[in-house]
Amino acid sequence: MGMTAVAYLIAGMLVWGGIGLLVDHWVGTKGIFAGIGAVVGIGGGVYLIVRRLGA
Amino acid sequence: MTGQSTVLAADVPFPPSVEDFYLPSIVPWGGHDSYWFTKITALLWISVALIIIFFLVTYRKPKLVPTKKQWIAESIYGFVRNNIAVDMLGKRGINFAPYLTTLFVFILIMNFWAIVPFAQISPNSHIAFPAVLAVISYVMFIYIGMKHHGGLKYFKHALIPPAPWFILPLLIPIEFFSTFIVRPFSLAVRLFANMFAGHMLLLVFTLGGFAMLNANVWFAPFSVVSWAMTIALTFLEFLVICLQAYVFTVLTASYVQGALADEH
C-alpha cells in the first residue's frame, strides 16, 4: 500500500508538472506553469490517495 | 611493493566500470563477434535447471511425513501461498500461488548468483531479465483485470476514481500514469538497480583493496579494511537478494489485487 501511495504522489507531480513544463515551453514563460502544475498534481495525488486508499 | 602484488594490481583495473558487466563470450571461447553465450546465459540456464530438478525431485514421491527436501520445497511454496498470495488476494490467491512461487524462486536464485563464489554476478544486473519479468506481470494484471471486469470496463474501473466530475480531468492522467506507465518501469528498474549496484559495490571494495595495495606503503594496510568491507557487504547483498525477490513477488500480487478489486 505504501508503494501505491508514493506512486500516486510522484505520478501527480510528474504528470501535471510535465504538462506545465510543456505549457511553459509553448507560452514562453520560464517555469511558472511547471511550478503550478507540480502543486496541482501533488494535490490530485493526495486526493487520489484519500479516495482510493483511505477508509 | 613486492613484485607479486604489483603484478596482481596491474591486472585489476580501478575504478570498475559498466564494461565489467559485459563478460567475455564462452561459446565460441573468447570470441569477439558473438555474445550469444556468456556467463550470464550459463547462469540463467543453470538457474532454470536447478529449479526444475529441485521441485521435480522433491515432489516425486510426496510422503505424509515429509523428508527434509520435501519439507524445504513445501515451506517455500507454503510461504508464498499463505504469506503473499492468500494474504493479499484472499481465496482467489490460491490460483496465483504457482505463478508467484515460480517468480519468487526464479528471482531468488537468479539474484543469488551475485554472492556465489566464481559466479559473482547476477543475470538480473542486466536490465533485460527484470524487464521481461516486469512485462509478464504487466500483461498479466491487465489481462486479469479485463477478464474480471469484462473488457474495456476494466480501464473505466482503473482510470476513473470515485470523485465529482469536475475534478476527474485532473485525476485521470495521474491514474493512467501511475497504473499503466510507472508500474512496469519501476518493477524492472527496482530489481535491476539493486543487483547492478550490489555488484558494483563489491567490485569497488575488492578492486579498491588492490588499488590501495599498489598505491604507496601508507595506503597498503588499509587494503585489509577494504576487503573486510567486501565481506560485510556480501552479507548486506544477501539481505538485498532475498528482499528484492520478496518485493517483486509482493508487488506483482498487489497489482493483481488491484485488478481484481471491486467497486467499494
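The name an unreviewed UniProt entry assigns to chain B is ATP synthase subunit a, from the organism Paractinoplanes atraurantiacus. Annotation of chain B in UniProt includes, under Function (unreviewed entry), the sentence "Key component of the proton channel; it plays a direct role in the translocation of protons across the membrane."

Under an unreviewed UniProt entry, chain A has the name Putative F0F1-ATPase subunit Ca2+/Mg2+ transporter and belongs to Paractinoplanes atraurantiacus.

### Some words on the overall build of chain A
Within chain A, the regular secondary structure consists of two helices and zero strands. Structurally, chain A occupies a C-alpha span of about 45 × 15 × 10 Å along its principal axes. Of the contacts made within chain A by residues no fewer than 6 positions apart, 55% connect residues no fewer than 24 positions apart. Total accessible area on chain A stands at roughly 3,400 Å², and carbon and sulfur atoms take up 79% of it.

### Here we look at the pattern of salt bridges
Two side chains that carry opposite charge are able to pair once their charged atoms sit near each other. Counting across every chain of the model gives one salt bridge over all chains. A salt bridge links Glu 175 of chain B to Arg 52 of chain A; its shortest N-O distance comes to 2.7 Å. Pair noted here: Glu 175 of chain B is in helix H7 (residues 168-215) and Arg 52 of chain A is in helix H2 (residues 32-53), and the two residues belong to different chains. Here Glu 175 of chain B matches Arg 52 of chain A in class, with each residue buried.

### As for the nonpolar core
Residue and element names in this part refer to chain B. Ranked by internal contacts, the top residues of the largest apolar core, which has 44 residues, are Phe 141, Phe 248 and Val 256. Breaking this core down by element, the ones donating at least two residues are helix H2 (39-58), helix H3 (68-89), helix H4 (93-112), helix H5 (128-149), helix H6 (153-159), H7 and helix H8 (222-260). Counting residues per element, this core draws most heavily on H8, at twelve residues. Contact partners of Phe 141, with chain neighbours within four places excluded, come to Tyr 154, Thr 179, Phe 180, Arg 183, Tyr 255, Val 256 and Ala 259.

### Topic: the interface of chain A and chain B
Across the contact, 17 residues belong to chain A and 21 residues belong to chain B. Buried surface at the junction of chain A and chain B, both sides included, amounts to about 1,500 Å², of which 72% is carbon and sulfur. Broken down residue by residue, the surface that chain A buries against chain B is led by Trp 16, Tyr 47 and Arg 52 of chain A, which jointly contribute 34%. Where chain A touches chain B, the interface holds one salt bridge. Counting across the interface, chain A meets chain B through six residue pairs in polar contact (both at pLDDT 80 or more). Elements with a contribution of two residues or more to the side of chain A that touches chain B: helix H1 (2-27) and H2 of chain A. Its residues assigned to classes, the side of chain A that touches chain B shows eleven nonpolar, four polar and two charged.

Cut-offs applied
- Residues numbered from 1 in each chain as written.
- Chains lettered and ligands numbered in written order.
- Predicted model: local features only at pLDDT ≥ 70, side-chain atom pairs only at ≥ 80, totals over all residues.
- Heavy atoms only, no water.
- UniProt positions renumbered as here; feature names shortened; annotations may be inferred.
- Helix = DSSP H or I, 4+ residues; strand = E, 2+ residues; numbered from the N terminus.
- Contact = heavy atoms within 4.5 Å.
- Areas by Shrake-Rupley, 256 points an atom, 1.4 Å probe, with all protein chains shown as cover.
- Salt bridge = Lys/Arg side-chain N within 4 Å of Asp/Glu carboxyl O.
- Buried < 20%, exposed > 50% of the residue type's maximum accessible area, 1.4 Å probe, protein only.
- Core = buried A, V, L, I, M, F, W, Y, C linked by side-chain atoms within 4.5 Å.
- Buried area = accessible area lost by both parts, 1.4 Å probe.
- Polar contact = N/O pair within 3.5 Å; in protein donor to acceptor, adjacent residues only side chain to side chain.
- Nonpolar A, V, L, I, M, F, W, Y, C, P; charged D, E, K, R; others polar.

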